[in-house]
Amino acid sequence: MSTIKEVSEETGITAYTLRYYEREGILPGVKRDESGNRFYDEESMEWLNFILALRSTGMPLSEIKQYVDLYREGESSLAARKQMMLDHKAKVEEDLRQTYKYLEQINYKLALYDMQEKGLMKMLP
């Protein structure tokens, strides 16, 4: 179990953002001790890591909230949650294809610079 300060230090997410995620229903399962202090157990850390993965791959908070709401509905929402993940996966895969395309362009330019440095071709922009 971790405190909000420990989780913030571990993840780089501010305590304010963690509290916001909880307050807005984006981060379920955060428990409190007898003094009312938040603590993060294995389940809440799994949720947080999942949320971070979705955010890092471009899913808006509103869609994450929609996913969490569906999760709270239980098994009846399994198909809808799966479809959300399939849709997001397709978007992430397209983003990766584009990123790889741009990386190829950068590598091509670096190869041209290597050739220039070796005197094998004239200066390029």
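Quick caveat: nothing in here was measured; it's all calculated off a predicted structure. Throughout this document, residue positions are counted from 1 along each chain, in the order its sequence is written. Local features in this predicted model are restricted to residues of pLDDT 70 or higher, and side-chain atom pairs are both shown and tallied only at a pLDDT of 80 or more, whereas totals for entire chains, interfaces and linings draw on every residue. With hydrogens and water stripped out, all remaining heavy atoms of the structure feed into the side-chain values.

(A) Quick peek at the UniProt feature "domain: HTH merR-type" (unreviewed entry) in the chain. UniProt positions are given in the numbering used here, feature names are shortened, and annotations may be inferred rather than shown by experiment. Under the UniProt annotation, "domain: HTH merR-type" (unreviewed entry) lies at residues 1-70. Here a strand is any run of E in DSSP of at least two residues, a helix any run of H or I of at least four, and the numbering for each starts at the N terminus. Summarising residues 1-70: 60% helix, 10% strand, and an end-to-end C-alpha distance of 26 Å.

(B) Broad picture of the packing of aromatic side chains. Between rings of Phe, Tyr and Trp, where Trp is taken as its six-membered ring, a pair exists when centres lie within 6.5 Å; planes separated by under 30 degrees are stacked, by over 60 edge-to-face, and by other angles tilted. This model, assessed by the stated rule, comprises 5 aromatic pairs. For the ring pair W47 and F50, a centre distance of 6.2 Å and an interplane angle of 70° mean the geometry is edge-to-face. Within this pair, W47 and its partner F50 are both found in helix 3 (residues 42-56), separated by 3 residues, close to a single helical turn. Exposure remark for F50: the relative accessible area of 27% places this residue in the partly exposed category. By way of ring pairs, the aromatic residues W47, F50, Y67 and Y71 are connected into one cluster. Buried, partly exposed and exposed residues are distinguished by accessible area as a fraction of the type maximum, computed with a 1.4 Å probe on protein chains only: under 20%, between the cut-offs, and over 50%, respectively.

(C) Representation of the pattern of salt bridges in the model. By salt bridge we mean one thing: a side-chain nitrogen of Lys or Arg within 4 Å of a carboxyl oxygen of Asp or Glu. Taken as a whole and assessed by the stated rule, the structure comprises 9 salt bridges. One salt bridge connects K31 with D41, and the closest N-O pair in it is separated by 2.9 Å. Residue K31 is found in strand 2 (residues 31-32), and its partner D41 is found in the loop between strand 3 (38-40) and helix 3; the two are separated by 10 residues along the sequence. Exposure remark for K31: the relative accessible area of 30% places this residue in the partly exposed category. Using a relative accessible area of 18% as the deciding quantity, one classes D41 as buried. In this structure, K31 and E43 form a salt bridge, with 3.8 Å as the shortest nitrogen-oxygen distance. Remark: E43 occurs in helix 3 and K31 occurs in strand 2; sequence separation between them is 12 residues. Residues participating in the shared-partner salt-bridge network are E22, R32 and R38.

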